[in-house]
Amino acid sequence: QVQLVESGGGLVQAGGSLRLSCVASGRTFSTYKMGWFRQAPGKEREFVAGIEYYSSTGYVDSVKGRFTISRDNAKNTVYLQMNSLKPEDTAVYYCAAAVGGSTSFQGPYDYWGQGTQVTVSS
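Residues numbered from 1 in each chain as written. Predicted model: local features only at pLDDT ≥ 70, side-chain atom pairs only at ≥ 80, totals over all residues. Heavy atoms only, no water.

1. A closer look at the side chain of Thr77
Then comes step 1: Positionally, Thr77 belongs in strand 8 (residues 77-82).
Then comes step 2: Polar contacts involving the side chain of Thr77 include one to the main-chain carbonyl oxygen of Lys75, which spans 2.8 Å.
Then comes step 3: Once you skip the residues sitting within four places of it in the chain, Thr77 turns out to touch Ser21, Cys22, Val23, Phe29, Ser70, Arg71 and Asp72. (Helix = DSSP H or I, 4+ residues; strand = E, 2+ residues; numbered from the N terminus. Polar contact = N/O pair within 3.5 Å; in protein donor to acceptor, adjacent residues only side chain to side chain. Contact = heavy atoms within 4.5 Å.)

Take a look at the structure:
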């Protein structure tokens, strides 16, 4: 069992920045593929960013150049730095982990956090 806890969400004006953090339990965090997803009201949950255990990254087109995913294996933590935020980025952001196997950045993922709210005002 892997426990994921997100933090760092909040209210920010358009053009501003936030950094989300996700702390994972487990002694083998360094082997996990980690991802960030988001879900806006009335929309399906969508992939935002992913990072492999060897630190290769992938992003959805809408956030490329604005968001950066990174990980600190010593702290069992993955980050999502969000810059130049837009109102359409407003969503609940979820951290996810994939343990073992070969998967794409988009999934499948095995474990999910409870989410953190990001609200971007115009």
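2. Overview of the pattern of salt bridges
Then comes step 1: With the rule as written, the count across this model stands at 4 salt bridges.
Then comes step 2: In this structure, the salt-bridge partner of Asp89 is Arg38, at a minimum N-O distance of 2.9 Å. In this pair, Asp89 sits in the loop between strand 8 and strand 9 (91-98) while Arg38 sits in strand 4 (residues 33-39), placing the two residues 51 residues apart along the sequence.
Then comes step 3: Across the pair Lys64 and Asp61 runs a salt bridge, and its minimum N-O distance is 2.9 Å.
Then comes step 4: Overall, Asp61 belongs to the exposed group, its relative accessible area being 62%.
Then comes step 5: Via salt bridges that share partners, Arg38, Glu46, Arg66 and Asp89 belong to a single interconnected network. (Salt bridge = Lys/Arg side-chain N within 4 Å of Asp/Glu carboxyl O. Buried < 20%, exposed > 50% of the residue type's maximum accessible area, 1.4 Å probe, protein only.)

3. Thoughts on the sheet that holds strand 8
Then comes step 1: Read across the open sheet, the 4 strands follow the order 1-3-8-7; overall the sheet is antiparallel. Edge positions in the sheet fall to strand 1 (4-7) and strand 7 (67-72), since each of these pairs with one other strand and no more. Direction aside, the axes of adjacent strands within the sheet are offset by 15 degrees on average.
Then comes step 2: For strand 1 and strand 3 (residues 18-24), the ladder comprises 4 bridges, and the chain directions are antiparallel. Paired with Val5 across the strands is Val23, a residue of strand 3. (Pairing = 2+ DSSP bridges. Axes fitted to C-alpha atoms, helices over the stretch in contact; angles between N-to-C directions.)

Interpretation in functional terms is not warranted from these geometric data alone.
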